[in-house]
Amino acid sequence: MKSYKDLEIYQLSYELAVKVHKFTLRLLQYEQYEEGRQVRKSSKGITSCIVEGYGRKKYKADFIKFLIYSHASCDETIVHLNFIKNTHQLDNTEIGFYLEKYDELGRKINTFVQYVEKEWR
């Protein structure tokens, strides 16, 4: 692993954050600044925490701490997507896709945390 960009959780979180950003820009204008802003911030926070944690990888405890922050942001993103799903008449298929992908990402982050706890130098 030469870079954080080699991490599957980074790649998936970045791709999802870009897609969710574009999705939220299709919300009603007032929602772009309310719930849309929240979900954009939390989805990008997942990726940011992975990158910051990787930058501190020399310090195992810091690396794990930021991966846990990343997982928390993933859970927050799921909550905001559920708020959008339950308060707007949108295509639930698309939101369902994002909810499924963020659930998958959360599991992958959790698995990576366990790996770092046991195997990291």
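See above for the structure.
Residues numbered from 1 in each chain as written. Predicted model: local features only at pLDDT ≥ 70, side-chain atom pairs only at ≥ 80, totals over all residues. Heavy atoms only, no water.

(A) Region of the structure containing the nonpolar core. In this structure, I9, L67, Y102 and L105 are the most contacted members of the largest nonpolar core, which totals 29 residues. At nine residues, helix α5 (residues 92–119) tops the list of elements feeding residues into this core. Setting aside anything within four residues of it in sequence, one finds L105 in contact with I9, L12, S13, L16, I46 and C74. (Core = buried A, V, L, I, M, F, W, Y, C linked by side-chain atoms within 4.5 Å. Buried < 20%, exposed > 50% of the residue type's maximum accessible area, 1.4 Å probe, protein only. Helix = DSSP H or I, 4+ residues; strand = E, 2+ residues; numbered from the N terminus. Contact = heavy atoms within 4.5 Å.)

(B) Molecular detail of the packing of aromatic side chains. One pass over the full model with this rule turns up 10 aromatic pairs. Measuring from ring centre to ring centre gives 5.9 Å for Y10 and Y14, while their planes differ by 35°; the resulting arrangement is tilted. Highlighted residues: Y10 and Y14, both in helix α1 (residues 8–24), separated by four residues, approximately one helical turn. Relative accessible area serves as the criterion here: at 12%, Y10 is assigned to the buried category. An angle of 55° between the planes, with centres 5.5 Å apart, marks the rings of F23 and Y98 as tilted. Of this pair, F23 sits in helix α1 while Y98 sits in helix α5, and the two are 75 residues apart along the sequence. F23 gets classed as buried once you look at its relative accessible area, which sits at 3%. Put simply, the rings of Y54, F63, F112, Y115 and W120 pair up and form one aromatic cluster. (Phe/Tyr/Trp six-rings, centres within 6.5 Å; stacked < 30°, edge-to-face > 60°.)

(C) Here's a closer look at the pattern of salt bridges. Considering all chains together, one arrives at nine salt bridges under this definition. Between K19 and E15 there is a salt bridge whose closest N-O contact spans 3.1 Å. In this pair, K19 and E15 both sit in helix α1, four residues apart, roughly one turn of the helix. A salt bridge links K101 to E104; the nearest nitrogen and oxygen atoms lie 3.6 Å apart. Residue K101 and its partner E104 are located together in helix α5, separated by three residues, close to a single helical turn. (Salt bridge = Lys/Arg side-chain N within 4 Å of Asp/Glu carboxyl O.)

(D) Summary view of the environment of E94. With respect to the secondary-structure elements, E94 resides in helix α5. Between the C-alpha atom of E94 and that of Y69, which follows or precedes it by 25 residues, the distance is 26 Å. Leave out the neighbours within four places in its chain, and E94 touches F23 and R26.

(E) Broad picture of α1. Compared with an ideal rise of 1.5 Å per residue, which puts 17 residues at 24 Å, α1 spans 24 Å between its outermost C-alpha atoms and is within 8% of the ideal. Within α1, burial applies to I9, Y10, L12, S13, L16, A17, V20, F23 and T24. Taken end-on, α1 shows its buried residues confined to a sector of 160°, consistent with a single buried face. Residues of α1 that are buried sit in contact with α2 (29–33), α3 (35–55), α4 (60–87) and α5. (Expected span 1.5 Å × (residues − 1). Arc of directions from axis to C-beta.)

(F) Examining the packing of α1 against α5 more closely. It is at 10 Å that the axes of α1 and α5 come closest, and there the two elements cross at 155°. Overall, the two elements α1 and α5 adopt an arrangement that is roughly antiparallel. Judged by the twist between their axes, the crossing of α1 over α5 is left-handed. Across the interface between the two elements, E8, I9, L12, S13, L16, A17, K19, V20 and F23 from α1 touch E94, I95, Y98, K101, Y102, E104, L105, K108, I109 and F112 from α5. In terms of residue class, the contact of α1 with α5 is built from 12 nonpolar, one polar and six charged. (Axes fitted to C-alpha atoms, helices over the stretch in contact; angles between N-to-C directions. Parallel < 35°, antiparallel > 145°, perpendicular 65-115°, else oblique. Left-handed = near helix turned anticlockwise from the far one by under 90°. Nonpolar A, V, L, I, M, F, W, Y, C, P; charged D, E, K, R; others polar.)

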